Amino acid sequence: MKKLLQDIRQDWVANRGQAKPVLVVLSYRVASRLAQRPKKDLVWVAGLPLQAAYRLVVEWVLGVEIPAKTKVGPGLRIFHGQGLVVSRHAVIGKNVLLRNNTTIGNRHEPEAAPTIEDNAEIGANSVLIGPITIGEGAIVGAGSVVLHDVPAGSVAVGNPARVLEGKKD
Ligand SMILES: CC(C)(COP(=O)(O)OP(=O)(O)OC[C@H]1O[C@@H](n2cnc3c(N)ncnc32)[C@H](O)[C@@H]1OP(=O)(O)O)[C@@H](O)C(=O)NCCC(=O)NCCS
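Structural notes, computed from the coordinates. (Residues numbered from 1 in each chain as written. Predicted model: local features only at pLDDT ≥ 70, side-chain atom pairs only at ≥ 80, totals over all residues. Heavy atoms only, no water.)

Focus: the pattern of salt bridges
Scanning the entire structure with this criterion turns up five salt bridges. Salt-bridge contacts for Asp-7 lead to Lys-3; the nearest nitrogen and oxygen are separated by 2.9 Å. One end of the pair is Asp-7 and the other is Lys-3, both in helix H1 (residues 2-14) and four residues apart, which spans about a single turn. Since its relative accessible area comes to 9%, Asp-7 is described here as buried. (Salt bridge = Lys/Arg side-chain N within 4 Å of Asp/Glu carboxyl O. Helix = DSSP H or I, 4+ residues; strand = E, 2+ residues; numbered from the N terminus. Buried < 20%, exposed > 50% of the residue type's maximum accessible area, 1.4 Å probe, protein only.)

And the structure:
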């Protein structure tokens, strides 16, 4: 419970003043916590309506798909929150920024989804596919299609994405 409250606080700070991202991220946190409970446990069963409400409101109405079982670190920032789709198997670190119309998913096998490390930023209209790693603090430019790892602290742009020389931290 303490960890959940800490995560919620970080999410709140990261999205302060942005009603929709706050609603999306806080709803994800609660749904995620419920999804981690052992199946058929009393809390899991009692939480089923909340999990259903999460899907109905956040996925269907708001157009943001972050499955409750996806691992997402605290401080997730969402800009705009339109058309954001994240694989159940993706792993997202702390203080990551995800912009609108971004897809983070598998390329062939369902489990082969990206890992986005702490403090990375993903530009609008990006597609990240396959078992790639976006390194800590890396930036993916708007409209990029990322098929390979992006080293920590670097900037990648384009389709297919290339790392910009001289932009590394
Ligand atoms: C990737 C990004 C951070 C790079 O910014 P920057 O470090 O200032 O880079 P520069 O503007 O100096 O551009 C460097 C080179 O990359 C190219 N480039 C920059 N962003 C690009 C992009 N998104 N796609 C393709 N090429 C891009 C530039 O044309 C330039 O190429 P050149 O050297 O051949 O002329 C920025 O352009 C970007 O895309 N940010 C995402 C912002 C976003 O999603 N906004 C949406 C808000 S809703």
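Focus: the sheet that holds strand E9 (residues 121-122)
Pairing is mixed across the open sheet formed by six strands, whose spatial order is E3-E6-E9-E12-E14-E15. Only two strands of the sheet have a single partner each, and these edge strands are strand E3 (77-78) and strand E15 (162-163). Inspection of the sheet shows E3 paired to strand E6 (residues 97-98) by two bridges, in the parallel sense. Paired with Arg-77 across the two strands is Leu-97, which belongs to E6. (Pairing = 2+ DSSP bridges.)

Quick look at the site of the ligand
Surrounding the ligand, one finds 13 residues, the nearest of these being Arg-99, Ala-124, Gly-141, Ala-142 and Lys-167. Within the contact set of the ligand, a nitrogen atom lies 2.8 Å away from a backbone nitrogen or oxygen of Ala-142. Each residue belonging to the shell around the ligand can be placed in one class, and the counts come to six nonpolar, five polar and two charged. (Near = heavy atom within 4 Å. Polar contact = N/O pair within 3.5 Å; in protein donor to acceptor, adjacent residues only side chain to side chain. Nonpolar A, V, L, I, M, F, W, Y, C, P; charged D, E, K, R; others polar.)

Here we look at helix H2 (residues 19-35)
The first and last C-alpha atoms of H2 sit 24 Å apart over 17 residues, in line with the 24 Å expected at 1.5 Å per residue. The complete set of buried residues in H2 reads Pro-21, Val-22, Val-24, Val-25, Tyr-28, Arg-29, Ala-31, Ser-32, Leu-34 and Ala-35. Here the buried face of H2 lies against H1, helix H3 (42-46), helix H4 (48-61), strand E1 (64-65), strand E2 (71-72) and E3. (Expected span 1.5 Å × (residues − 1). Contact = heavy atoms within 4.5 Å.)

Things to note about the sheet that holds strand E5 (residues 91-92)
Pairing within the open sheet is parallel, and its four strands lie in the order E2-E5-E8-E11. Among the strands making up the open sheet, the edge pair consists of E2 and strand E11 (133-134). Where E2 and E5 come together, two bridges link them in parallel fashion. The residue of E5 that forms the bridge with Val-72 is Ile-92.

Honestly, that's just the spatial picture; any functional story needs more than this.
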